[in-house]
Amino acid sequence: SPAWFAAQGSTQSAGTKLLSISGDCKRPGVYEVPFGISLREVLALAGASDVGAVQVGGPSGAMVGEDALDRKICFDDLATGGSLMVFSKSRDLLEVVEAFLQFFVDESCGYCTPCRVGNQLLLQLVQKVRAGVATAADLEQLSDLAETVKMTSRCGLGQTSPNPVVSTLANFHELYAGRIANAINGREPSFDLAAAIAESAALAGRGEQERGE
Ligand code: SF4
């Protein structure tokens with residue numbers, strides 16, 4: 001009955017919620033739960049143990065860690081459209097972030113520059129971090145660019161596409177900090193000086209002149 005349904009849930013989020021739970025759990029599936037249930041209880045229903053992170057609300061949602069397990073699934077706390085993706089502690093969360101960004105690069109319609117170009121640049125920066133050649137300046141740029149894309153994109157896709165970056169920078173900052181390379185004499189470690197000189201010499205035809213060709 002409507003009265004029974006309204007009696008379910010929390011004070012500000014009445015009723016029940018359908019959750020699609022996938023990823024590293026024994027019993028993935030769609031669950032109907034009362035609003036206000038904790039994330040920990042939901043994960044127990046799905047048989048998830050050794051949880052390293054949960055992506056709440058799909059790729060454009062937020063990635064939360066163990067410290068969020070006692071938060072409540074409801075509009076006034078941990079809101080979600082219904083998707084929960086579970087990642088065990090053995091997962092490389094930056095690989096997940098990279099996959100989400102690649103999804104947004106592929107899905108961007110290209111109409112506005114912040115989303116079309118910004119997501120591509122975010123992807124390149126995360127790849128740089130994963131390769132171990134990003135500097136602290138790259139992390140600052142990653143954070144600033146994510147906010148710019150969120151604030152200036154035209155529609156919801158671009159306004160939410162940086163969320164995997166924003167939430168992992170906030171909740172899993174050690175993942176980024178642990179892979180930062182130190183600049184060498186002020187130079188970016190990813191800059192290959194020998195390759196750059198060889199390329200410019202080839203463009204200028206210097207190598208050929210020196211060989212008398
Ligand atoms: S934000 Fe929306 S309109 Fe702009 S490029 Fe992305 S998908 Fe297209």
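About the thresholds
Residues numbered from 1 in each chain as written. Predicted model: local features only at pLDDT ≥ 70, side-chain atom pairs only at ≥ 80, totals over all residues. Heavy atoms only, no water. Helix = DSSP H or I, 4+ residues; strand = E, 2+ residues; numbered from the N terminus. Rg over C-alpha atoms; globule rule 2.2 N^0.38 Å. Buried < 20%, exposed > 50% of the residue type's maximum accessible area, 1.4 Å probe, protein only. Contact = heavy atoms within 4.5 Å. Areas by Shrake-Rupley, 256 points an atom, 1.4 Å probe, with all protein chains shown as cover. Lys, Arg positive; Asp, Glu negative; His and termini not counted. Charge placed at Lys NZ, Arg CZ, Asp CG, Glu CD. Domains from an automatic or database assignment. Buried area = accessible area lost by both parts, 1.4 Å probe. Salt bridge = Lys/Arg side-chain N within 4 Å of Asp/Glu carboxyl O. Polar contact = N/O pair within 3.5 Å; in protein donor to acceptor, adjacent residues only side chain to side chain. Nonpolar A, V, L, I, M, F, W, Y, C, P; charged D, E, K, R; others polar. Phe/Tyr/Trp six-rings, centres within 6.5 Å; stacked < 30°, edge-to-face > 60°. Lys NZ or Arg CZ within 6 Å of the ring centre and 35° of its normal.

Asks: Tell me what's going on with the overall build of the protein, and back it up with residues and numbers.
Replies: Helix and strand counts for the protein stand at ten helices and five strands. Relative to the compact-globule value of 17 Å for 213 residues, the protein shows a C-alpha radius of gyration of 22 Å, a clear excess of over 25%. Counting over 213 residues, the protein shows a buried share of 38%. Contacts spanning at least 24 positions in sequence make up 61% of the contacts within the protein whose residues lie at least 6 apart. Entry remark: accessible area of the protein is about 11,500 Å², with carbon and sulfur atoms responsible for 53%. Charge centroids of the protein, computed over 17 positive and 25 negative side chains, lie 3 Å from each other.

Asks: Explain the domain arrangement of the protein residue by residue, including any values.
Replies: With domains assigned, the protein is organised as domain 1 (2–88) and domain 2 (93–177). When each unit is reduced to the centre of its C-alpha atoms, the spacing between domain 1 and domain 2 is 25 Å. Across the contact, twelve residues belong to domain 1 and twelve residues belong to domain 2. Carbon and sulfur atoms make up 74% of the surface buried where domain 1 meets domain 2, a total of about 910 Å² over both sides. By the criterion of area lost to domain 2, the three top residues of domain 1 are P59, S60 and M63, representing 62% of everything that side buries. Summed over the shared surface of domain 1 and domain 2, the number is zero salt bridges. Between domain 1 and domain 2 we count three residue pairs in polar contact (both at pLDDT 80 or more) in total. Contributions of two or more residues to the side of domain 1 that touches domain 2 are made by β3 (51–56), β4 (62–64) and β5 (83–88). Of the residues in the side of domain 1 that touches domain 2, the class split is seven nonpolar, five polar and no charged.

Asks: I'd like a description of the environment of S13, backed by residues and values.
Replies: Counting through the fold element by element, S13 comes out in the loop between α1 (2–7) and β1 (16–23). Placed 20 residues apart in sequence, S13 and V33 show a C-alpha to C-alpha distance of 12 Å. Discounting residues that sit within four places of it in the chain, S13 has contacts with Q8, F35, C74, F75 and D76. Only 2.8 Å separates the side chain of S13 from the side chain of D76, close enough to count as a polar contact.

Asks: Hey, could you go over the packing of aromatic side chains for me, with residue numbers and the actual values?
Replies: Considering all chains together, one arrives at two aromatic pairs under this definition. Ring centres of F35 and F75 lie 5.1 Å apart, and the angle between their planes is 40 degrees; this geometry places the pair in the tilted category. A residue pair is termed long-range when its members are at least 10 positions apart, and F35 in the loop between β2 (29–34) and α2 (39–45) and F75 in the loop between β4 and β5 qualify at 40 residues. When the ring of F103 is compared with that of F104, the centres are 5.2 Å apart and the planes differ by 65 degrees; the resulting orientation is edge-to-face. Here R154 stacks its cationic end above the ring of Y111, 4.5 Å away from the centre of that ring.

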